[in-house]
Amino acid sequence: GVGPWCAYFTSWLAKSAGAPVGEAGQGFGSVDALYAWAQRTDKAVQNGPGVKPNPGDLIVWDEHIGMVESVDADGTVHTIEGNSSDQVIRRTHAASSALGYVKMS
């Protein structure tokens, strides 16, 4: 009954890793709200040539968010995502597919 929960999931991951998101560490239920917070706090990085995420960074698409698990030498990004086919799952994406990243370190 919660609806889309990818932002809740990444908020939980960040808090569990000791790097909570939000002004008070409250986390977010919305990708847009989480990315807006990242922009306000200079943690957002728009994707483009030469941009490479690090493991632990959040990866943002249009209305979806996950956490970067690893990045291959060719830029392929391996993620852990919540609410991807209504489950927690590992996925692989081309680096160019992301709108941006939230730097967590």
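Residues numbered from 1 in each chain as written. Predicted model: local features only at pLDDT ≥ 70, side-chain atom pairs only at ≥ 80, totals over all residues. Heavy atoms only, no water.

Tallied over the full model, the rule gives three aromatic pairs. Between the aromatic rings of Trp 5 and Phe 9, the centroid separation amounts to 6.3 Å while the plane-to-plane angle is 85°, which identifies the pairing as edge-to-face. Ring plane angle 40° and centroid distance 6.2 Å describe the contact between Phe 28 and Trp 37, whose orientation is recorded as tilted. Phe 28 gets classed as buried once you look at its relative accessible area, which sits at 10%. Among the aromatic residues, ring-to-ring pairing joins Trp 5, Phe 9 and Trp 12 into one connected group. (Phe/Tyr/Trp six-rings, centres within 6.5 Å; stacked < 30°, edge-to-face > 60°. Buried < 20%, exposed > 50% of the residue type's maximum accessible area, 1.4 Å probe, protein only.)

Our focus in this paragraph is the pattern of salt bridges. Under the counting rule described, the total for this entry stands at three salt bridges. A salt bridge links Glu 23 to Arg 40, with the shortest nitrogen-to-oxygen separation between them at 2.5 Å. Taken as a pair, Glu 23 in the loop between α1 (6-16) and α2 (31-40) and Arg 40 in helix α2 lie far apart in primary sequence, 17 residues in all. Arg 40 shares its class with Glu 23; the two are exposed. One salt bridge in this structure joins Lys 103 and Asp 57, with 3.0 Å as the shortest N-O distance. Remark: Asp 57 occurs in the loop between β1 (44-46) and β2 (58-61) and Lys 103 occurs in the segment after β6 (100-102); sequence separation between them is 46 residues. (Salt bridge = Lys/Arg side-chain N within 4 Å of Asp/Glu carboxyl O. Helix = DSSP H or I, 4+ residues; strand = E, 2+ residues; numbered from the N terminus.)

Moving on, we come to unusual backbone geometry. Even without glycine at this site, Asp 42 takes up a positive phi of about 60°. Overall, Asp 42 belongs to the exposed group, its relative accessible area being 71%. Of note in the backbone geometry, Ser 85 takes a positive phi value of approximately 60° without being a glycine. Its location among the elements puts Ser 85 in the loop between β4 (77-81) and β5 (89-93). According to the relative accessible area criterion, Ser 85 is exposed, its value standing at 57%.

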